[in-house]
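# Tertiary structure, described
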Amino acid sequence: MTSAIWCRTAAAAVLLASSLSVHAHRAWLLPSATVLSGDDPWVTVDAAVSNDLFFFEHQPLRLENLQIVGPDGAAIKAENPGTGKYRSTFDVRLTQPGTYRLAVVNDGYFASWKEDGKVKRWRGTLEKFAAEVPAKAVDLQVTQAQGRVESFITRGKPNATALKLTGRGMELEPVTHPNDLVVGETAQFRLVLDGKPVAGIDVEVVPGGIRYRDKLRDFKVTTDQDGKFAIKWDAPGMYWIEAVMKDSENVMPPAKERRASYVGTLEVLPP
């Protein structure tokens, strides 16, 4: 590769267009609050996949791959986790001042092949692939799927330690702190894939509360050559953002293609 810039505009446009339907299923984390103070603050987080943003009517978002990073960069265990018919929930006790990053991170494989004239499908981890997928499968197609669904919480003064990139999959690198978003101001972010800026990718932005609106009021912004994009907030509330792309480079075998996605829930406060 001759440049650190990754440009997959056409593929991203096709994938993202499929997610813009009113009936599309959207995964999300929703904290009960994102900016807190006090001696012993707690936050309850809902996690679901739904048609209407931030309503529970399809299926829960599973918590097996939940990761919570505290203000000092150390991993934190969720309190009181549980999964019901339509949503999962967990609590976070904010024992330290600063910013927390909450994320459900999935990294797996999808495979399909023909067996006795019928299409067989499989999904799972790389470790299970060799044991569960026939070595000589006919018309075998394998895709690596990496997805991150996250949100941010700050107790007291924000800091940036928990915002450090992992360098794996698609991630959001905040330029503007994600818990310092205010109506009328413009926030800047950067999208990266494996730590490298992603250029020419559409980012879908949808305000919450779509159940009570005739229109989504969604809009798109596009990353520049440095992977940066900007959003000017015109109303307070919770916002959902998503970016999706396909990639055929730096893919872990046996896959020949990777589908990478990022989803974030951000709260915008009144001025």
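Basis of the calculations
Residues numbered from 1 in each chain as written. Predicted model: local features only at pLDDT ≥ 70, side-chain atom pairs only at ≥ 80, totals over all residues. Heavy atoms only, no water. Helix = DSSP H or I, 4+ residues; strand = E, 2+ residues; numbered from the N terminus. Rg over C-alpha atoms; globule rule 2.2 N^0.38 Å. Buried < 20%, exposed > 50% of the residue type's maximum accessible area, 1.4 Å probe, protein only. Contact = heavy atoms within 4.5 Å. Areas by Shrake-Rupley, 256 points an atom, 1.4 Å probe, with all protein chains shown as cover. Core = buried A, V, L, I, M, F, W, Y, C linked by side-chain atoms within 4.5 Å. Phe/Tyr/Trp six-rings, centres within 6.5 Å; stacked < 30°, edge-to-face > 60°. Lys NZ or Arg CZ within 6 Å of the ring centre and 35° of its normal. Salt bridge = Lys/Arg side-chain N within 4 Å of Asp/Glu carboxyl O. Pairing = 2+ DSSP bridges.

### Quick word on the overall build of the chain
Along its length, the chain carries two helices and 19 strands. Its C-alpha atoms give the chain a radius of gyration of 19 Å, near enough to 18 Å, the size a compact globule of 271 residues would have. With the C-alpha coordinates aligned to their principal axes, the bounding extent of the chain is approximately 60 × 40 × 40 Å. Split into buried and exposed, the 271 residues of the chain put 48% on the buried side. Here the contacts in the chain between residues at least 6 apart in sequence split such that 68% fall between residues at least 24 apart. Carbon together with sulfur atoms contributes 50% to the accessible area of the chain, which is approximately 13,500 Å² in total.

### Re the nonpolar core
In terms of nonpolar packing, the biggest core is built from 31 residues, with Leu-29, Leu-61, Phe-90 and Leu-102 touching the most fellow members. For this core, the secondary-structure elements that each account for two or more residues are strand E2 (26-31), strand E4 (42-50), strand E6 (66-69), strand E8 (88-93), strand E9 (98-115), strand E11 (138-155) and strand E18 (237-247). Residue contributions to this core peak at five residues, all from E4. Formed by 27 residues, the second largest nonpolar core is a distinct cluster that contains Phe-229, Trp-233, Ile-241 and Leu-266.

### A closer look at the packing of aromatic side chains
Applying the stated criterion across every chain yields a total of five aromatic pairs. Arranged with centres 5.5 Å apart and planes meeting at 80°, the rings of Trp-122 and Phe-129 form a pair that is edge-to-face. The class for Trp-122 is buried, based on a relative accessible area of 10%. An aromatic cluster is present here, built from Trp-28, Phe-54 and Phe-56 joined pairwise through their rings. Sitting over the ring of Trp-240, Arg-26 keeps its end group 5.5 Å from the ring centre.

### Remarks on the pattern of salt bridges
Under the counting rule described, the total for this entry stands at twelve salt bridges. Note that Glu-150 is salt-bridged to Arg-148, the shortest N-O span being 3.0 Å. Taken as a pair, Glu-150 and Arg-148 share a single burial class, namely buried. Among the ionic pairs, Arg-258 bridges to Asp-247, the shortest N-O distance being 2.7 Å. Residue Arg-258 is located in strand E19 (residues 257-268), and its partner Asp-247 is located in strand E18; the two are separated by eleven residues in the primary sequence. When sorted by exposure, Arg-258 lands in the same class as Asp-247, which is buried.

### Digging into the pairing of strand E13 (residues 186-193)
Among the eight residues of E13, six are classified as buried, and the element is accordingly described as predominantly covered. Here five bridges tie strand E12 (residues 170-174) to E13, and the two strands are oriented antiparallel to one another. Along E13, the bridge assignment pairs Leu-172 with Leu-191. With five bridges joining them, E13 and strand E17 (residues 228-232) adopt antiparallel strand pairing.

### Side note on unusual backbone geometry
Residue Pro-253 is joined to Pro-254 through a cis peptide bond whose omega torsion reads 10°. Residue position: Pro-254 is located in the loop between E18 and E19. A positive phi angle, close to 55°, is found at Asp-116, a residue other than glycine. Its place among the elements puts Asp-116 in the loop between E9 and strand E10 (118-124). Phi at Asn-250 takes a positive value of approximately 55°, unusual for a residue other than glycine. In this structure, Asn-250 sits in the loop between E18 and E19.

Nothing here speaks to function; it is geometry throughout.
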